[in-house]
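# Coordinates in review
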Amino acid sequence: MTDKALSPGNGDDGVALLAVDEFLAWGKEHSLFYLLFATACCGIELMQTGGPRYDLDRLGMIPRATPRQADLMIVAGTITHKMASRAHLLYQQMAEPRWVVSMGSCANSGGPFSKHSYSVLNGIDKLIPIDVYIPGCPPRPEALIDGVMALRHRVKKYRTAGIRDRDPHVVAGGDCEFGSHPGKDS
Amino acid sequence: MTIEAETLDGERMTLSMGPHHPSTHGVLRLIVETDGEVISRAVPDIGYLHRAIEKIGEKLEWAQFVPYTDRVDYVCAMNANLAFCVAAEQLMGSALAPVPRRGECIRVLVAELNRISSHLVAVGVSAMDLGAFTPFLHGLAQRETVNDIFERLCGQRLTYNYITIGGVAFDLHPTAVAEIGTFLDELSREMKRFSQLITVNPIFRDRCAKVATISAAEAIAWGLVGPNLRGSGVDFDLRRDEPYGIYGELDVQVPVGRNYAGRHGALGDSYDRFVVRLLEIQESIRLCRKALELLPPAAAKADDPVGGWQSDASKVLRKPPAGEIYVRTEAPRGEMGYHLVSDGSKMPYRIKIRTGSFAAVGMLEYLCPGLFMADIVTVIGSLDIVLPEVDR
Amino acid sequence: MPALPTADPAALISRFPGLVVRPDGFITVPAGELPTVARMVRDELAFNQLMCLSGVDQLELPGAAAAIGVRYFLASTSRRLRLTLSVEVPRDDGSVPTVSDLWPAALFHEREAYDLFGIRFTGHPDLRRLLLPADWVGHPGRRDYVYPATYNGVQHLRDGQRFVAEKKPVKPAAKPAEPVKAAASESAPPATAPKAAP
Ligand code: SF4
């Protein structure tokens, strides 16, 4: 993957010239450590995205068990009322700047449980601000990676220009910029 | 391995492990009282994933509940589908035409494939929790193949909604038989590699041997089921002893625990449960091959009694007769039982789901005292606790 | 294909004349007699496995008393039989003797039944809520359970959403108040004013 930040000149000689803060921003953008916060079915897809085929590690994303070391919280799965305060606490324990991806219908809005369940929180965005919404029940790993790519643009913008977008990004079907559908090629 | 907590007389420390903890397999919380490294009490606190699936069932029609059974146990959604559908079919009794032969074969095929992928996660994760990351990745790689097969079959990677009341939703796709055959061959080879990597590894074996030993009588009294029960040496498998579908024809071989760790271990320890799961994968491979052999050629019509995949679709039961039934089937984590109550209307009156992990979590409080702190992850991993099953 | 045959209840009935055999083979046991019946079933009839313990609110169940039913699904691994006991308790303040001393598997099942149905199991060593938080109001398994509008200061439904079950009483009058905006703030949970129950 070529990255413009690394090759401001022609870059043919293998030497990249850029400002230090740009270099740091590039590093931050490409090493989003995520908090392993998987509660339900979507957590299995998160696990498989981190697994051998989709391999989130190649994007510099390494799961962290503690919120103190994480930049990004991927809320994967149903959040019940009993769990909600814990989720909020975990978010508060993360260091700024922190980013949140809401993965799956349950985290977005309560999903299949929103209308009939008495114990499910209808959307984690009632408690914590969300940067990227990924619809799906569960979303495919490609959708998750797409959401992460969208988040990277934001991280870069924040790190270089100091602007943090407030309105959340929603991953929509059909505009996947990353990866293909391995299951569907026959 | 175990030391009586009482013999050490230190100050007790109370730790809260979970609900957010990487090796509790979800959102299990254990309130652990330790004396140094030795656990004196461990009280499970569950319900962090209680999504009220049973209550939801009372507000939907019978067939609409099938997608929710996926979420009851998403690691083996096909088996969860199957458990509900078998129970609903028995409740409906003769009002529903029997499932066509091909439909039954497809059910066995997908259920066993899902059992394989579920056990792969179970053994992989329990190895990962003890520090061996590589077997987990090997397991996931194979699981991806199963997911691909299922995705071509029904369009979903995880929550399939494929088995329906009266059969299955679609016929096998044209390349399915070849794909499954290739996968089974590859998996047999892979399982050998897997075993070389972890099963005979002395470090792993010693971490599991003689940890949380459960006797046969204890296992039955505490309601343990499935591989956990068989790990204690009880020869009981619903696929053989209470057959449903075409399992009666398949001559299911049941692996049981018999102190595989040898002089290091004891019958019914964590290592036995681990090995029983591996042996069950082998057995599932055999059952899949057998189901492929029995698979009748496809018919054009869904409700053809031999080559079809769905019983009379136009009559898919809207209203079962009033009654009450408890039906259990063998899921990867053991007996998955559905207690269905019908009042004769188109919606269930009450659904209660009894799962294997529920019993296993109930036993933690009994098992943990005397173990080392680090053994908790061994116990949770070897009992293969999956939280949505516990909380529903 | 009912897999295991149901045990012949004759041996039980001859000992305990208070038992009633329902047409579907379930044996109705008076709550007071449960401990002795259960002990005999386990020790003499070898039903060593409690497959499932389930509560049923029979409030709207036709042909049944408006009580809470408790079903004990038992199996015998040695005799390959199954048996179902059924106990009915009054909806208010009903209690059943525990069977957790006979089958420890019942410890969790009874806690769950207490949580969801409010059945008190006398003699249970640790009867607390199992699935729901300790400060939850009501027993959601019951048929007349009213869904909560808020829990812990968090509004349950999203704006403009309603529980499907509560669609029926459509009241045309009284326009709902302007929906509170659910814009999430950066640090604290939004202090959404608890709306009146829809
Ligand atoms: S969105 Fe669907 S797959 Fe994800 S946690 Fe919710 S029910 Fe499970």
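Fair warning: this is a prediction, and the values are worked out from it, not measured in the lab. (Residues numbered from 1 in each chain as written. Chains lettered and ligands numbered in written order. Predicted model: local features only at pLDDT ≥ 70, side-chain atom pairs only at ≥ 80, totals over all residues. Heavy atoms only, no water.)

## Some remarks on the confidence of the model for chain B
Residues and elements named next belong to chain B. Of all residues in chain B, 95% attain a pLDDT of 70 or more, and the chain-wide mean is 83. The secondary structure element of chain B with the lowest average pLDDT is strand β1 (residues 12–17), at 82, and the one with the highest is strand β8 (residues 348–354), at 89. Per the prediction output, this complex has pTM 0.84; the corresponding ipTM is 0.82. (pLDDT = per-residue confidence, 0-100. Helix = DSSP H or I, 4+ residues; strand = E, 2+ residues; numbered from the N terminus.)

## Looking at the pattern of salt bridges
Counted under the stated rule, the structure contains 50 salt bridges over all chains. A salt bridge links arginine 98 of chain A to glutamate 96 of chain A; its shortest N-O distance comes to 3.4 Å. Lysine 55 of chain B is the salt-bridge partner of glutamate 58 of chain B, the closest N and O atoms lying 3.9 Å from each other. One exposure class covers both glutamate 58 of chain B and lysine 55 of chain B, and it is buried. When salt bridges with common partners are traced through the structure, they connect Glu112, Arg115, Arg230, Asp237, Arg239, Glu280 and Glu330 of chain B into a single cluster. (Salt bridge = Lys/Arg side-chain N within 4 Å of Asp/Glu carboxyl O. Buried < 20%, exposed > 50% of the residue type's maximum accessible area, 1.4 Å probe, protein only.)

## Some points on the interface of chain C and chain B
The interface is formed by 47 residues belonging to chain C together with 41 residues belonging to chain B. Across the chain C/chain B interface, buried area totals approximately 3,600 Å², and carbon plus sulfur atoms make up 57% of it. For arginine 392 of chain B, the salt bridge identified is with glutamate 112 of chain C, shortest N-O distance 2.8 Å. Secondary-structure elements contributing two or more residues to the side of chain C that touches chain B are β3 (49–57), β4 (68–76) and α3 (106–117) of chain C. (Contact = heavy atoms within 4.5 Å. Buried area = accessible area lost by both parts, 1.4 Å probe.)

## Comments concerning the site of the ligand
Neighbouring the ligand are 14 residues; Cys41, Cys42, Ser105, Cys106 and Cys137 of chain A lie closest to it. Residues near the ligand are shared among chains A and B, making this a multi-chain site. Listed by contribution, the elements that provide at least two residues to the shell around the ligand are α2 (41–49) and α4 (104–109) of chain A. Looking at the shell around the ligand, its residues break down into 8 nonpolar, 5 polar and 1 charged. (Near = heavy atom within 4 Å. Nonpolar A, V, L, I, M, F, W, Y, C, P; charged D, E, K, R; others polar.)

## Re the sheet that holds strand β3 (residues 38–45) of chain B
All names here are of chain B. Overall, antiparallel pairing links the 3 strands, which are arranged β1-β2-β3 in an open sheet. Where the open sheet ends on each side, the last strands, each with one partner, are β1 and β3. The mean inter-strand angle of the sheet, taken between neighbouring strand axes irrespective of direction, is 20°. Here helix α12 (residues 356–367) sits on the sheet and contacts β2 (29–35) and β3; the angle it forms with β3, its principal contact strand, is near 150°. (Pairing = 2+ DSSP bridges. Axes fitted to C-alpha atoms, helices over the stretch in contact; angles between N-to-C directions.)

## Let's talk about the packing of aromatic side chains
For the coordinates displayed, the defined rule picks out 19 aromatic pairs over all chains. With a centroid separation of 5.8 Å and an interplanar angle of 80°, the aromatic rings of tryptophan 99 of chain A and tyrosine 158 of chain A are classed as edge-to-face. One end of the pair, tryptophan 99 of chain A, is in strand β4 (residues 99–103); the other, tyrosine 158 of chain A, is in helix α5 (residues 141–161), and 59 residues separate them in sequence. By relative accessible area, which is 28% here, tyrosine 158 of chain A ends up partly exposed. Between phenylalanine 65 of chain B and tyrosine 68 of chain B, the aromatic rings sit 6.3 Å apart at their centres with planes inclined by 15°, giving stacked as the arrangement. According to the relative accessible area criterion, phenylalanine 65 of chain B is buried, its value standing at 0%. (Phe/Tyr/Trp six-rings, centres within 6.5 Å; stacked < 30°, edge-to-face > 60°.)

## Some points on the packing of α12 of chain B against α3 of chain C
In the contact formed by α12 of chain B and α3 of chain C, the axes pass within 8 Å of each other and the chain directions differ by 105°. The angle between α12 of chain B and α3 of chain C falls in the class roughly perpendicular. Of the residues in α3 of chain C, those in contact with Phe358, Val361 and Gly362 of chain B of α12 of chain B are Phe108, His109 and Glu112 of chain C. Of the residues in the contact of α12 of chain B with α3 of chain C, the class split is 3 nonpolar, 2 polar and 1 charged. (Parallel < 35°, antiparallel > 145°, perpendicular 65-115°, else oblique.)

## Overview of the packing of helix α5 (residues 134–154) of chain B against helix α6 (residues 176–199) of chain B
All names here are of chain B. Contact geometry of α5 with α6 gives a least axis separation of 10 Å together with a crossing angle of 170°. By the angle between their directions, the pair α5 and α6 is classed as roughly antiparallel. Contacts between α5 and α6 involve Thr134, Pro135, His138, Gln142, Thr145, Val146, Ile149 and Arg152 from the former and Glu179, Ile180, Phe183, Glu186, Leu187, Glu190, Phe194, Leu197 and Ile198 from the latter. In terms of residue class, the contact of α5 with α6 is made up of 9 nonpolar, 4 polar and 4 charged.

## Some remarks on the nonpolar core
In terms of nonpolar packing, the biggest core is built from 122 residues, with Phe84, Tyr162, Tyr338 and Leu340 of chain B touching the most fellow members. Considering each element in turn, this core owes the most residues, 12 residues, to helix α3 (residues 77–92) of chain B. Ignoring anything within four residues of it in the chain, the contact list for phenylalanine 84 of chain B reads Trp62, Phe65, Val66, Thr69, Ile165, Tyr338, Leu340 and Ile351 of chain B. Of all hydrophobic cores here, the second largest spans 41 residues; its members include Tyr118 of chain A together with Leu45, Tyr72 and Phe121 of chain C. (Core = buried A, V, L, I, M, F, W, Y, C linked by side-chain atoms within 4.5 Å.)

## A word on the side chain of asparagine 147 of chain B
You can see asparagine 147 of chain B is positioned in helix α5. Non-local contacts of asparagine 147 of chain B, meaning those with residues more than four positions away in its chain, are made with Gln48 of chain A together with Gln156, Arg157 and Tyr160 of chain B.

## A closer look at unusual backbone geometry
Omega for the bond connecting glutamate 96 of chain A with proline 97 of chain A falls within 30 degrees of zero, at -10°, which places this linkage in the cis form. Along the chain, the position of proline 97 of chain A falls in the loop between α3 (81–93) and β4. One non-glycine residue with positive phi stands out, namely aspartate 93 of chain C, at about 60°. For aspartate 93 of chain C, a relative accessible area of 63% corresponds to the exposed category.

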